[in-house]
Amino acid sequence: MPNKVSRRDLLAGAAGALGAAALPSARERVQAQEADTTRVPGGPASARGGRSPHVTVQRDARGGLASRTPLQDLHGTITPSDLHFERHHAGIPAVDPEAYRLLVHGMVERPMVFTLAELKRFPATSRICFLECSGNYPTSAGPDTRPEAVCGMTSTTEWTGVALATLFREVGASPDAAWFLAEGQDAAVMTRSIPMEKAWDDALIAYAQNGEPLRPGQGYPARLLLPGWEGNSNVKWLRRVELADGPFMTREETSKYTDPLADGTARQFSFVFDARSIITAPAYPDVVEPGWVEIRGIAWSGRGTIARVDVSTDGGRTWESARLQEPVLRQAHTRFRQLWRWDGTETEIMSRAVDDTGYVQPTRAALRAERGRRARRYHLNPITAWRVRAGGQVEYRVEAPWDA
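About the thresholds
Residues numbered from 1 in each chain as written. Predicted model: local features only at pLDDT ≥ 70, side-chain atom pairs only at ≥ 80, totals over all residues. Heavy atoms only, no water. Helix = DSSP H or I, 4+ residues; strand = E, 2+ residues; numbered from the N terminus. Polar contact = N/O pair within 3.5 Å; in protein donor to acceptor, adjacent residues only side chain to side chain. Contact = heavy atoms within 4.5 Å. pLDDT = per-residue confidence, 0-100. Buried < 20%, exposed > 50% of the residue type's maximum accessible area, 1.4 Å probe, protein only. Pairing = 2+ DSSP bridges. Phe/Tyr/Trp six-rings, centres within 6.5 Å; stacked < 30°, edge-to-face > 60°. Core = buried A, V, L, I, M, F, W, Y, C linked by side-chain atoms within 4.5 Å. Salt bridge = Lys/Arg side-chain N within 4 Å of Asp/Glu carboxyl O.

Notes on the side chain of Ser-174
Structurally, Ser-174 is set in the loop between α5 (164-171) and β7 (179-184). From its side chain, Ser-174 meets the backbone nitrogen of Asp-176 in a polar contact 3.1 Å long. In this view, Ser-174 contacts Met-107 and Val-108; residues no more than four positions away in its chain are not counted.

In structure tokens form, the structure reads like this:
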């Protein structure tokens, strides 16, 4: 008959097998017992879940009118709603959902006003896609710059709402209408002209994000969502849509958001984002040790799907294709990973994205040659590099001023 072994004997035997040097002291045993969560009932369920007190992830909101997603602290591709970047032109308006109204008029057969409840009665659709501020590039940066400060004004979430095409069919949009005006009800009265092709394609009037109503900073109670297009055209707190046969040439789209080119002209109505990527680890302030290091990051493109991400560990002299983490979705952040064996010598690491249109993320020099020195901050997507010092410290590679 086999001998019975108690749990106490089993644990004691396991401790003895570790050797005398591994035996915990009496104080350590007391501390371990006090920390044993199996001995004390835990806290009750709550009406609203929160993060562990040991998790301190938060956005950089020092700018007042903007806050950045902490890209270096996230996993996967979906950005938590409360960490989604924000950019405002005149603060966040407090909109009463009961009083909310959306007017759709202009070149339509039946001008109509929709309440929030009426918008929700239409067939709903959901879409996972990224949003990005058109000015998502640092105007000045030092070696102590984190990924969120380089391009943290981009996030990916699931959006739910009614297709704008559904509303346009409801009001009888004229076939001669070529553009529509989107107007917000913030103090800046943000307005943008949008081609009708986008409305018939995949535009949404979104009222939910990640399964819950929009946060106020994301346009509650309803906003325009244009997958793959620059953030400012995705007008928040949407209150009016007007159809017309041409662009409205509003303040925002004439004084800003144009791309000066090297030949002295300017490209206007630059809506779609080109492919971009960034290594999020290792990055400042990480310290690495010689040996195997996993390089991780995200890539995205407004024109389609990320087809490949190349990683260089020798300052751009050679490149290797990284592994893309599933799922790889159209117009959404895509995770990439690459194993690298660091030998302890100083080097630079960088990534470049390639989308399914064949577009390759450019170097800063190539982008400036195309855009010219007048280009300041909008629609810039150059390859970003991190310098790994011989001691293992990782720094942002500081660039010269754009017009230098």
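Now, onward.
Points about the confidence of the model for the protein
Averaged over every residue, the pLDDT of the protein is 90; the share at 70 or more is 91%. In this model residues 10-21 is a low-confidence stretch, pLDDT under 50, and it forms 2 contacts with partners more than four residues away in sequence or in other chains.

A look at the pairing of strand β12 (residues 238-244)
Counting buried residues along β12, 5 of its 7 residues qualify, which places the element largely inside the surrounding structure. Sheet analysis places strand β3 (residues 101-106) next to β12, joined by 4 bridges and oriented parallel. Among the inter-strand pairings, Gly-106 is bridged to a residue of β12, identified as Leu-243. The sheet contact formed by β7 and β12 spans 6 bridges and is antiparallel. When the bridges of β12 are listed, Ala-182 appears paired with Val-241.

Thoughts on the pairing of strand β16 (residues 291-300)
Along β16, 7 of the 10 residues are buried, which leaves the element largely enclosed by surrounding structure. Two elements, strand β15 (residues 276-281) and β16, share 5 bridges in a ladder whose sense is antiparallel. Residue pairing for β16: Arg-276 is matched across the bridge by Trp-300.

Considering the environment of Glu-242
Looking at the element boundaries, Glu-242 is found in strand β12. When the C-alpha atoms of Glu-242 and Ala-177 are compared, they prove to be 9.8 Å apart, with 65 residues separating the residues in sequence. Aside from chain neighbours lying at most four places away, what touches Glu-242 is His-105, Gly-106, Trp-179, Phe-180, Leu-181 and Phe-248. Among the polar contacts listed, one links the side chain of Glu-242 to the side chain of Arg-240, at a separation of 2.7 Å.

Details of the packing of aromatic side chains
Aromatic rings in a pair are described by how distant their centres are and how their planes are angled relative to each other. Throughout the structure, instances matching the rule amount to 10 aromatic pairs. Relative to Trp-200, the ring of Phe-168 lies with its centre 6.0 Å away and its plane at 75 degrees, an arrangement referred to as edge-to-face. Placement of Phe-168 in helix α5 and of Trp-200 in helix α6 (residues 196-201) is noted, with a sequence separation of 32 residues between them. By relative accessible area, Phe-168 is classed as buried at 0%. With centroids separated by 4.5 Å and ring planes inclined at 10 degrees, the aromatic side chains of Trp-229 and Phe-271 adopt a geometry described as stacked. Of this pair, Trp-229 sits in the loop between β11 (223-225) and β12 while Phe-271 sits in the loop between β14 (266-267) and β15, and the two are 42 residues apart along the sequence. For Phe-271, a relative accessible area of 7% translates into the label buried. Here the aromatic cluster, defined as three or more aromatic residues joined through ring pairs, consists of Trp-179, Trp-229, Phe-269 and Phe-271.

Notes on the nonpolar core
Core analysis: the biggest nonpolar cluster contains 37 residues, and Phe-168, Phe-180, Ile-205 and Leu-243 have the highest contact counts within it. Mapped by element, the contributors of at least two residues to this core are β3, α3 (116-121), α5, β7, α6, β9 (204-209) and β12. Those residues within four positions of Ile-205 in sequence are excluded, and the remaining contacts are Leu-102, Leu-119, Gly-161, Val-162, Leu-164, Leu-167, Ala-222, Arg-223, Leu-224 and Leu-238. Counting residues in hydrophobic clusters, the runner-up holds 29 residues, among them Val-150, Val-293, Trp-300 and Ile-306.

A closer look at the sheet that holds strand β22 (residues 385-388)
Reading across the sheet, the 5 strands line up as β18-β17-β21-β22-β23 and stay open at both edges, with antiparallel pairing between neighbours. Pairing within the sheet leaves two strands with one partner each, and these edge strands are β18 (320-321) and β23 (394-396). Two elements, strand β17 (residues 306-312) and strand β21 (residues 347-355), share 6 bridges in a ladder whose sense is antiparallel. Paired with Ser-312 across the two strands is Met-350, which belongs to β21.

Points about the pattern of salt bridges
Counted by the stated rule, this structure contains 28 salt bridges. As a salt-bridge pair, Arg-51 and Asp-82 come within 2.7 Å of each other at their nearest N and O atoms. Within this pair, whereas Arg-51 is found in the loop between α2 (26-34) and β1 (66-67), its partner Asp-82 is found in the loop between β1 and β2 (86-87), the two being separated by 31 residues in sequence. Accessibility expressed as a relative area gives 31% for Asp-82, which makes it partly exposed. Across the pair Arg-192 and Glu-230 runs a salt bridge whose closest N-O atoms are separated by 2.8 Å. One end of the pair, Arg-192, is in strand β8 (residues 191-195); the other, Glu-230, is in the loop between β11 and β12, with 38 residues separating them in the sequence. We classify Arg-192 as buried; its relative accessible area is 1%. Among the ionic contacts, a cluster of salt bridges with common partners joins Glu-183, Arg-239, Arg-240 and Glu-242.

Points about the environment of Arg-296
Counting through the fold element by element, Arg-296 comes out in strand β16. Residue class for Arg-296 comes out partly exposed when judged on its relative accessible area of 32%. For the pair formed by Arg-296 and Arg-110, sequence separation is 186 residues and the distance between their alpha carbons is 52 Å. With near-sequence residues (within four places) excluded, Arg-296 lies in contact with Ile-279, Thr-280, Ala-281, Phe-336 and Arg-337.

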